[in-house]
Amino acid sequence: MSPRAQVYILAALLTLMGAGLTIYKHFELGFPLLPGEYRTVWTIEAKVGFTAEGGPAKAALTLPREQRNMEVLGETFSSSGYGFNVIREDDEYRAVWAKRRATGVQSLFYQLDVHQTPGAALEQPLDLSTEVVKPLLGAREQEAVRQAIYSLVETGRQRSSDIRTFTSELLTALGDSRNQDRNLIFGYYKDRSFVDVALLVLAAADIPAHRIRGLYLEDDRRRLAPEDLLEIYDGKRWVVFEPLSGSPGVPKNFFIWQRGGKSLLDVEGGHNSGVTFSVIANDVPARDVAMLSTSQEKEALVDFSIYSLPIEQQSIFKLILLVPVGALVVVLLRVFVGLRTSGTFMPVLLAIAFIETQLFTGLAIFVLILILGLWIRFYLSRLNLLLVARIAAVVVTVVILMGAISVVSYKLGIEQALTVTFFPMIILAWTIERMSIVWEEDGPYEVVVQAGGSLLVAVLAWWVMTNRYIEHWTFNFPELLLVLLGFIMIIGNYTGYRLGELARFRQLVH
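Residues numbered from 1 in each chain as written. Predicted model: local features only at pLDDT ≥ 70, side-chain atom pairs only at ≥ 80, totals over all residues. Heavy atoms only, no water.

Topic: the overall build of the protein chain
Where we set the bar: A helix here means a DSSP run of H or I that spans at least four residues, while a strand means a run of E at least two residues long, and both kinds are numbered starting from the N terminus. Radius of gyration: C-alpha atoms only; globule rule: 2.2 Å multiplied by the number of residues to the exponent 0.38. Note on contacts: a residue pair is in contact if any heavy atoms of the two residues lie within 4.5 Å. Reported accessibility uses the Shrake-Rupley method at a 1.4 Å probe radius. Residues are deemed covered only where the shown protein chains occlude them. In this tally, Asp and Glu contribute negative charge and Lys and Arg positive charge; neither His nor the terminal groups of the chain are included. One atom stands in for each charge, and that atom is NZ of Lys, CZ of Arg, CG of Asp or CD of Glu.
Summing up its helical and strand segments, the protein chain has 18 helices and 13 strands in all. Over its C-alpha atoms the protein chain spans a radius of gyration of 36 Å, topping by over 25% the 24 Å that the globule rule assigns to 510 residues. Principal-axis analysis of the C-alpha atoms gives the protein chain an extent of 125 × 65 × 40 Å. Here the contacts in the protein chain between residues at least 6 apart in sequence split such that 77% fall between residues at least 24 apart. As displayed, the protein chain has an accessible area near 27,900 Å², and 59% of this comes from carbon and sulfur atoms. Positive and negative charge centroids in the protein chain, built from 46 and 51 side chains respectively, lie 4 Å apart.

Details of the sheet that holds strand S12 (residues 265-268)
Here is the rule we go by: One bridge is not enough; two strands pair if DSSP finds at least two bridges between them. Axis lines are fitted to C-alpha atoms, over the contacting stretch for helices. Their N-to-C directions set the angle, which ranges from 0 to 180 degrees.
Spatially, 4 strands are ordered S4-S5-S2-S12 in an open sheet, and the strand pairing comes out antiparallel. The open sheet is flanked by strand S4 (83-89) and S12, the only strands paired with a single partner. Neighbour-to-neighbour, the strand axes of the sheet open up by a mean angle of 20 degrees, direction not taken into account. Bridge count for S4 against strand S5 (residues 92-99) is 7 bridges, and the pairing is antiparallel. Opposite glycine 83, over in S5, you have alanine 98 as the bridge partner.

Notes on the UniProt feature "transmembrane region" (unreviewed entry) in the protein chain
Applied cut-off: UniProt positions are given in the numbering used here, feature names are shortened, and annotations may be inferred rather than shown by experiment.
Those residues carrying the UniProt feature "transmembrane region" (unreviewed entry) are residues 6-24, 316-337, 349-375, 387-408, 414-432, 444-465 and 477-497 in this numbering. The span residues 6-24 shows a helical share of 100% and a strand share of 0%, and its end C-alpha atoms are spaced 27 Å apart. For residues 349-375, helix accounts for 96% and strand for 0%, while the C-alpha atoms at its two ends are 23 Å apart.

Re the pairing of strand S11 (residues 254-259)
We count it as follows: For every residue, the accessible area (1.4 Å probe, protein chains only) is compared with the maximum for its type, and the residue is labelled buried under 20%, exposed over 50%, or partly exposed between those bounds.
Buried residues dominate S11, accounting for 6 of its 6 residues. Inspection of the sheet shows strand S7 (residues 209-216) paired to S11 by 5 bridges, in the antiparallel sense. Opposite arginine 213, over in S11, you have glutamine 258 as the bridge partner.

Description of the sheet that holds S7
The 4 strands lie next to each other as S10-S9-S7-S11, forming an open sheet whose pairing is antiparallel. Across the chains shown, the open sheet's two edge strands, defined by having one partner strand only, are strand S10 (238-241) and S11. The sheet shows a mean angle of 35 degrees between the axes of neighbouring strands, taken without regard to direction. Pairing geometry for strand S9 (residues 227-233) and S10, over 4 bridges, is antiparallel. Within the sheet, the bridge partner assigned to isoleucine 232 lies in S10 and is valine 239. Sitting on the sheet, helix H3 (residues 163-174) is in contact with S9 and S10, with an inclination near 25 degrees to S10. Contacts from helix H5 (residues 194-204) reach S7 and S9 within the one sheet, and its direction differs from that of S9 by about 10 degrees.

Looking at the packing of aromatic side chains
The cut-off we apply is this: Centre distance within 6.5 Å is the pairing criterion for rings of Phe, Tyr and Trp, where only the six-membered ring of Trp is used; planes under 30 degrees apart are then read as stacked, over 60 as edge-to-face, and the remainder as tilted. The criterion is that NZ of a Lys, or CZ of an Arg, lies within 6 Å of the ring centre and within 35 degrees of the ring normal, and then a charge sits over that ring.
Within the structure shown, the criterion is met by 14 aromatic pairs. Consider the rings of phenylalanine 255 and tryptophan 257, whose centres lie 6.1 Å apart with planes at 85 degrees: the pair is edge-to-face. Grouping residues by exposure puts phenylalanine 255 and tryptophan 257 together as buried. Connected via pairs of aromatic rings, a cluster forms that spans Phe77, Phe84, Trp97, Tyr110, Phe255, Trp257 and Phe277. The ring of phenylalanine 31 has lysine 25 sitting right over it, with the charged end atom 4.6 Å from the ring centre. Over the aromatic face of phenylalanine 475 sits the side chain of lysine 318, whose NZ or CZ is 5.5 Å from the ring centroid.

Remarks on the pattern of salt bridges
As a reminder of what qualifies: Salt bridges are defined as contacts in which a side-chain nitrogen from Lys or Arg sits within 4 Å of a carboxyl oxygen from Asp or Glu.
Across all of its chains, the model carries 13 salt bridges by this definition. The salt bridge involving arginine 211 is made with aspartate 228; its shortest N-O contact spans 2.9 Å. Of this pair, arginine 211 sits in strand S7 while aspartate 228 sits in strand S9, and the two are 17 residues apart along the sequence. Note that glutamate 433 and arginine 377 form a salt bridge whose closest N and O atoms lie 2.7 Å from each other. Remark: arginine 377 occurs in helix H11 (residues 359-381) and glutamate 433 occurs in helix H13 (residues 425-442); sequence separation between them is 56 residues.

Things to note about the packing of helix H2 (residues 143-158) against helix H4 (residues 180-188)
Going by this rule: Any angle from 65 to 115 degrees is called roughly perpendicular, while one under 35 is roughly parallel, one over 145 is roughly antiparallel, and all others are oblique. Helix crossings are classified by the rotation of the near helix relative to the far one: an anticlockwise turn of less than a right angle makes the crossing left-handed, while a clockwise turn makes it right-handed. Note on residue classes: Ala, Val, Leu, Ile, Met, Phe, Trp, Tyr, Cys and Pro are nonpolar, Asp, Glu, Lys and Arg are charged, and everything else, Gly too, is polar.
Interaxial distance between H2 and H4 falls to 9 Å at its minimum, and their mutual angle equals 135 degrees. The angle between H2 and H4 places the two elements in the oblique class. Note that H2 runs across H4; the crossing there is left-handed. On the side of H2, the interface is formed by Ala144, Val145, Ala148, Ile149, Ser151 and Leu152, while H4 contributes Asp181, Arg182, Leu184, Ile185 and Tyr188. When its residues are assigned to classes, the contact of H2 with H4 shows 8 nonpolar, 1 polar and 2 charged.

Laid out in structure tokens, this is it:
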């Protein structure tokens, strides 16, 4: 296989790998493809309140399960003076607060941040008991209610084809105030909620069912009581119903807090207990949401990446990851245009310095140091110093110039010039040495051409490297460097004319 074919195959593999990882991070891990994207994060606060009776007090609150469509990004507990623990009980997690002696009104808080996963399924498989406990309706005074319940069940069966349609039909009948059977049932069970009665009738129909407690996520809501949904087992899977409308499926903005199980809150050593909820929406950068989500799941692509480094090192890498982009600009301008520069990748280092100093300030400082450095370098050449000593003298001269520029600019109140320290002094010294040699061998015109070419490439590289989209992609999708590497390898096989050569040989063509 020829080297050219190997280059194309390797470049294709690198491109596929980089593009594949980028697509995976975007669609599976939720990393935003464009800068400035935000996600809505819901902060839910549960407040447990009760009046303690002066002795030992204990409160246990059921915590929400993991859900596919709702991702818990973080949770905090507040319980001043209380011992706290999270225990697992009957396949449920419960937050338990306990105190040896408590008196008066007590308030305990549990707060969690939730992000609704776009496109994720709302339902999830659940291993809950399908046992049905039939209602006790044997007493003579309950005969009319019993007949009304079974009348509703029989009517529902005649108007339905399966358990799902039966449930919808039954909930519709229970919500119809003109239905006499329904009115008789609710008249007898005055102290029960709609969901309680629906569960009773479903049990009479031998359909496994339970209650779902949760919240509708709406911004700036306070002191909310938990809302109820119904979930029935159709013989194959659990199906959620909105009780009042009778429609299947979990409402889009509904956060499930408890699915089946026992009570939501248990309090010992207190009375007048209750739990209320508050909800508020926050707009959070999409990348922060993706980072919180993947940090909990320990996603390998994120866990073993620069995101696992300390923030200070991440900031450094944010700048370093832009260097390959600057190198690509240099390759394009040298290979296809034919620009001559002083040193192959010196313009990239200048572009990095311009990012820190701002463009015009950096250009002015660079030109000033270059002119002064060349003047001093020409004087040193008359002293016939050895090469290493001469370069060292130029380095010392550059340091002195940078210090002098900083002090003078500070005294004059020109604080922007203080950024001169961001210029790499060794590169500046070597550039001065190289320019002086070019001056001696090829004349001042070649110095102007190379210095101008270097500055032009540096400015273009700076323009590309400071583009907000480029900054976003290089830092959040460093896998794209593989694509860039493959592209540079393909450019490396170019053997055609450069634009500069076409202009130079234009007379020959005519």
